[in-house]
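# Summary of structural features
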Amino acid sequence: MIKRAILFGGKAIVSVLDTTTLVNTAMDIHEFSPSVARAMGKALTMTAFMSGNFKGLNNKLTIIIEGNGLSGKMVLCGDYGAKVRGYAENPQASMDKDVPVSQVVGKEGYLNIIKDFGLKEPYNGMSHLVNGNIDEDFAYYFTVSEQLPSAVALGVDIEDGKCKKAGGVIIQPMPNCSEEEIVILQDIARNFTDVSKTLEEKGAQGIIDYYFGHFEIKQLPDIYEEYKCNCSRERIENMLLTLGKKEALDIVEKEGKIEVGCEFCNTKYVFTKEDIERLFR
Ligand SMILES: [Zn+2]
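A few points on the structure. None of the values given here were measured: they were computed from a predicted structure. (Residues numbered from 1 in each chain as written. Predicted model: local features only at pLDDT ≥ 70, side-chain atom pairs only at ≥ 80, totals over all residues. Heavy atoms only, no water.)

### Focus: the overall build of the protein chain
The condition is simple: Secondary structure is summarised from DSSP: a helix means a run of H or I of at least four residues, a strand means a run of E of at least two, and numbering begins at the N terminus for each. Just to be clear, the radius of gyration here is over C-alpha atoms, and the globule rule we use is 2.2 Å times residues to the power 0.38. Every residue pair with non-hydrogen atoms within 4.5 Å of one another is taken to be in contact. Using a 1.4 Å probe, accessible areas were evaluated by the Shrake-Rupley method; residue-level cover was limited to the displayed protein chains. Only four residue types enter the tally: Lys and Arg on the positive side, Asp and Glu on the negative side, with His and both chain ends excluded. One atom stands in for each charge, and that atom is NZ of Lys, CZ of Arg, CG of Asp or CD of Glu.
Scanning the protein chain from N- to C-terminus turns up 9 helices and 13 strands. Rg of the C-alpha trace for the protein chain: 21 Å, near the compact-globule value of 19 Å for 281 residues, within the 12% margin. Contacts in the protein chain between residues far apart in sequence, at least 24 positions, make up 65% of those at least 6 positions apart. Carbon and sulfur atoms make up 50% of the accessible area of the protein chain, which totals about 13,900 Å². Averaged over its 32 positive side-chain charges, the protein chain has a centre that lies 5 Å from the centre of its 41 negative ones.

This is the structure we're talking about:
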């Protein structure tokens, strides 16, 4: 669940996310090791946050976190309404559960965010990783790439192969926010050192009430994020059509079938020789 409140008459916005269910769904699909689950949980939370803010039905984004860490590249996609999906190159990297997120992601590399608003050119923003902890990497990205200095605090608590609590608090002052108001927000942001624990204790609404309730706030409608893939047999068929009949039949000849797996949801699409012949007819 994503809760959002406008502060100071529109000069800042706070978003509080509880993404526990989302992270558990991703863990079921990808069988992440605990350490990768913590990193991917944070990345999925940010994907839900950013795609939850979309205003157009056809808006979508891709986030690529390419660090030199254990998980390899992480790729995440978000569609309007916080429909998200993602994968890591090495989902089972390091079974040691005490490996910090920065080691899973890697301290060096870049964060690339492509936002497609259905216009001619998608918006393409890039920044280098600050420390591979994801929180600071996104905060830095918002500052340098979107000119929106933000406080980002994320937390994912994994216990016994399950996500106990996951979520985040993101505070974004708008350009017209005063120095004084920014200092107030920075002071509040210092409270979020262990977001999953604070979420566990207070809940998403509780965090808004407790830390921001004394301001005049205007709460926006809740958003319900969801793990949702957009793959289909038809999409794979179109891919095979661009491959060409000869190529496709060659593979069937060699392998006995064509099997295409979706990296985002692990669905396997199988095509027999008859399928391929029918497709190209
Ligand atoms: Zn899929």
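Past the structure itself, the notes keep going.
### Quick word on the nonpolar core
Keep this limit in mind: What makes a nonpolar core is a set of buried Ala, Val, Leu, Ile, Met, Phe, Trp, Tyr and Cys residues whose side-chain atoms join them at distances within 4.5 Å. Throughout, exposure labels follow a simple rule: accessible area from a 1.4 Å probe, protein chains only, divided by the maximum for the residue type, with under 20% read as buried, over 50% as exposed, and the rest as partly exposed.
Counting 48 residues, the largest nonpolar core has Met 50, Ile 63, Ile 65, Met 74 and Phe 138 as its most contacted members. It is helix α2 (residues 34–52) that contributes the most residues to this core, 10 residues altogether. Setting aside anything within four residues of it in sequence, one finds Met 74 in contact with Ala 39, Met 40, Ala 43, Ile 63, Ile 64, Ile 65, Tyr 87, Ala 88, Val 104 and Val 105. Residues Ala 153, Val 169, Ile 207 and Phe 212 belong to the second largest nonpolar core, which totals 21 residues.

### A look at the sheet that holds strand β7 (residues 123–128)
Spelled out, the test is: Strand pairing is assigned whenever DSSP identifies at least 2 bridges connecting the two strands. Here an axis means a line fitted to C-alpha atoms, over the contact stretch when the element is a helix, while the angle between two N-to-C directions is reported on a 0 to 180 degree scale.
Pairing is mixed across the open sheet formed by 6 strands, whose spatial order is β7-β6-β3-β4-β5-β11. Among the strands making up the open sheet, the edge pair consists of β7 and β11 (226–227). Bridging between strand β5 (residues 83–88) and β11 involves 2 bridges; their strand directions are parallel. Directly across from Lys 83, in β11, lies its bridge partner Glu 226. In the packing of helix α4 (residues 135–145) onto the sheet, contacts are made with β3 (60–67), β6 (109–116) and β7, and the angle to β7 comes to roughly 125 degrees.

### Observations regarding the packing of helix α7 (residues 233–243) against helix α9 (residues 273–280)
Quick note on the threshold: For classification purposes, an angle smaller than 35 degrees is called roughly parallel, one larger than 145 roughly antiparallel, one from 65 to 115 roughly perpendicular, and anything else oblique. Polar here means any residue other than Ala, Val, Leu, Ile, Met, Phe, Trp, Tyr, Cys and Pro, which are nonpolar, and Asp, Glu, Lys and Arg, which are charged; Gly is therefore polar.
Viewed as axis vectors pointing N to C, α7 and α9 meet at an angle of 75 degrees, and their least axial separation amounts to 11 Å. Between α7 and α9, the crossing angle belongs to the class labelled roughly perpendicular. Facing Arg 233, Glu 237, Leu 240 and Leu 241 of α7, the residues of α9 in contact are Asp 275, Ile 276, Leu 279 and Phe 280. Class assignment of the residues belonging to the contact of α7 with α9 gives a composition of 5 nonpolar, no polar and 3 charged.

### Examining unusual backbone geometry
The residue Glu 31 is not glycine, and still its phi comes out positive at about 50 degrees. Examined against the element boundaries, Glu 31 turns out to sit in the loop between α1 (20–30) and α2. Judged by relative accessible area, which is 57%, Glu 31 ranks as exposed. Despite not being glycine, Ala 82 shows a phi value in the positive range, around 60 degrees. One can find Ala 82 in the loop between β4 (74–79) and β5. Take Ala 82: its relative accessible area is 0%, and that puts it in the buried class.

### Details of the packing of α2 against α4
Two elements in contact, α2 and α4, have axes separated by 10 Å at closest approach and are oriented at 30 degrees. As the angle between them shows, α2 and α4 are arranged roughly parallel. Seen from α2, the contacting residues are Lys 42, Met 46, Phe 49 and Met 50; seen from α4, they are Asp 135, Phe 138, Tyr 141 and Phe 142.

### Observations concerning the packing of aromatic side chains
For any pair of aromatic rings, geometry is given as the distance between the ring centres together with the angle between the planes. For the record, the criterion: Only Phe, Tyr and Trp rings take part, Trp by its six-membered ring, and two of them pair if their centres are within 6.5 Å. Stacked means planes under 30 degrees apart, edge-to-face means over 60, and tilted covers everything else. Put simply, a charge is over a ring when the Lys NZ or the Arg CZ is close to the ring centre, within 6 Å, and near the line of the ring normal, within 35 degrees.
Taken as a whole, this structure holds 8 aromatic pairs when the rule is applied. Ring centres 5.2 Å apart and planes at 70 degrees place the aromatic pair Phe 8 and Phe 215 in the edge-to-face group. Of this pair, Phe 8 sits in the loop between β1 (2–7) and β2 (12–18) while Phe 215 sits in the loop between α6 (195–212) and β10 (218–223), and the two are 207 residues apart along the sequence. With respect to burial, Phe 8 and Phe 215 carry one shared label: buried. Judged by centre distance (5.0 Å) and plane angle (75 degrees), the rings of Tyr 87 and Phe 264 are edge-to-face. Of this pair, Tyr 87 sits in strand β5 while Phe 264 sits in the loop between β12 (258–261) and β13 (268–271), placing them 177 residues apart in sequence. Of the two residues, Tyr 87 and Phe 264, both sit in the buried class. Linked through ring pairs, Phe 49, Phe 138, Tyr 141 and Phe 142 together constitute an aromatic cluster. The ring of Phe 264 is capped by Arg 85, whose NZ or CZ atom sits 5.5 Å from the centre of that ring. Positioned above the aromatic ring of Phe 271 is the side chain of Arg 233, whose terminal nitrogen or guanidinium carbon lies 4.0 Å from the ring centre.

So yeah, pure geometry; function would need other evidence.
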